[in-house]
Amino acid sequence: MIDFRTAFFIKSAPSTKELTDDFGAEIAFAGRSNAGKSTVLNALVGQKSLARTSRTPGRTQLINLFGLGDETRRFVDLPGYGYAKVPEAMRKRWGDALAAYFAERRSLAGVVIIMDIRHPLKETDQQMIEYAIDRQLPILCLLNKSDKLSQNEISKAVFALKREASLAAVQWLPFSGLRGVGVPQTRAILSEWLASGIEPDVSEPPTPEPGLSESDPSESGVPLVPEDI
Ligand SMILES: Nc1nc2c(ncn2[C@@H]2O[C@H](COP(=O)(O)OP(=O)(O)O)[C@@H](O)[C@H]2O)c(=O)[nH]1
Ligand SMILES: [Mg+2]
């Protein structure tokens, strides 16, 4: 079992081209703004402010990378999405960058999607799930803010989601970042993903061989857009 309390900030990346080298194993966290992604991350790592929580969505956001013990295992905090205030072209560009990240990132071992249990499975959530299913990645949907509902309402919500046949690959877990509900279960699931995602012989980041890079050096990557796309 990984000790998630060892989590530390690695860096913020302005685009999917500026992440760490593609080695080890990482878990991506996605979710609509205000679903509680920062609160959930902080609960999982047992730290009050590793991922900043904010009541004011709409600011420019970066991809935040966190190491777990060392940089071999990582959490990747993707910018929030869900509002429609951003121009269509920017939204599409970020969508394309995300699609490429999901399709090409070899170290990506699983995807956690944070939803408000009262408003689950919005279109953008479904898009994330599709990307993950396309890669056959494990998907855990955390139904956050479950403290706002009664036990009966929680059961009903989970039952309805589990009935979605097209989402048979998805695991659903009622969660409360505020109260710590679901934290031990989530840590256990993510530990397994990270363990099986690690290639046995990879302990050092690969050094790229000069001249063999396929990427165009003039291409600096897709710039991120403000949050809430
Ligand atoms: N009741 C309740 N509120 C929560 C929970 N998680 C987050 N919130 C609140 O929801 C708001 C957005 O949280 P934040 O973590 O910043 O969301 P993010 O935009 O997805 O990163 C804040 O006011 C949080 O206090 C939860 O489990 N229960
Ligand atoms: Mg946040």
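Parameters and conventions
Every residue gets a number counted from 1 within its own chain, in the order that chain's sequence is written. A letter from A marks each chain and a number from 1 marks each ligand, given out in the order of writing. Restriction of local features to residues with pLDDT of at least 70 applies here, the model being predicted, together with a cutoff of 80 or more for giving and counting side-chain atom pairs; totals for whole chains, interfaces and linings are based on all residues. For each residue, a C-beta position is placed from the backbone atoms; the residue is near a molecule or strand when that point lies within 6 Å of it. By definition, any uninterrupted DSSP run of H or I lasting at least four residues is a helix, any uninterrupted run of E lasting at least two residues is a strand, and each is numbered from the N terminus. As a working rule, the residues Ala, Val, Leu, Ile, Met, Phe, Trp, Tyr, Cys and Pro are called nonpolar, Asp, Glu, Lys and Arg charged, and the rest polar, with Gly in that last group. Criterion used throughout: strands pair if DSSP finds at least two bridges between them. Axis angles are defined between N-to-C directions and span 0 to 180 degrees, where every axis is a line fitted to C-alpha atoms and, for a helix, only to the segment in contact. In this scheme every C-beta is placed from the backbone, and a residue whose C-beta has 20 or more other C-beta atoms within 10 Å is buried, one with 12 or fewer is exposed, and one in between is partly exposed. Among buried residues, those of type Ala, Val, Leu, Ile, Met, Phe, Trp, Tyr and Cys that are joined through C-beta atoms within 7 Å form a set called a nonpolar core. The contact criterion used is a C-beta to C-beta distance within 7 Å, with each C-beta placed from the backbone.

Student: I'd like a rundown of the site of ligand 1, residues and numbers included.
Tutor: In the neighbourhood of ligand 1, 20 residues make up the surrounding shell, with G36, K37, S38, T39 and L178 lying closest. Ranked by residue count, the leading element in the shell around ligand 1 is helix 1 (residues 37–45), at three residues. Classifying every residue of the shell around ligand 1 gives three nonpolar, twelve polar and five charged.

Student: Any chance you could break down the sheet that holds strand 7 (residues 170–174) for me, citing the residues and the numbers?
Tutor: Overall, mixed pairing links the seven strands, which are arranged 1-3-4-2-5-6-7 in an open sheet. With partners counted over all chains shown, the strands left at the sheet margins are strand 1 (7–13) and strand 7, one partner each. With direction set aside, neighbouring strand axes in the sheet form an average angle of 25°.

Student: How would you sum up the environment of S15? Please name residues and give values.
Tutor: Relative to the elements of secondary structure, S15 occurs in the loop between strand 1 and strand 2 (25–31). A count of 16 C-beta atoms within 10 Å places S15 in the partly exposed class. Residues S15 and W94 lie 79 residues apart in sequence; the distance between their C-alpha atoms is 9.0 Å.

Student: Break down unusual backbone geometry for me, with residues and values.
Tutor: The phi dihedral of N34 falls on the positive side, at around 80°, and the residue is not glycine. Along the polypeptide, N34 turns up in the loop between strand 2 and helix 1. Phi at K145 takes a positive value of approximately 65°, unusual for a residue other than glycine. For K145, the position within the fold is in the loop between strand 6 (139–144) and helix 4 (151–162). K145 gets classed as buried once you count the C-beta atoms within 10 Å, which come to 25.

Student: Outline the nonpolar core, listing residues and values.
Tutor: Of all hydrophobic cores here, the largest spans 47 residues; its most connected members are I27, F29 and I113. The element best represented in this core is strand 5 (residues 108–116), accounting for seven residues. Those residues in contact with I113 that sit more than four places away from it in its chain are A30, G31, D125, M128, I129, I139 and C141.

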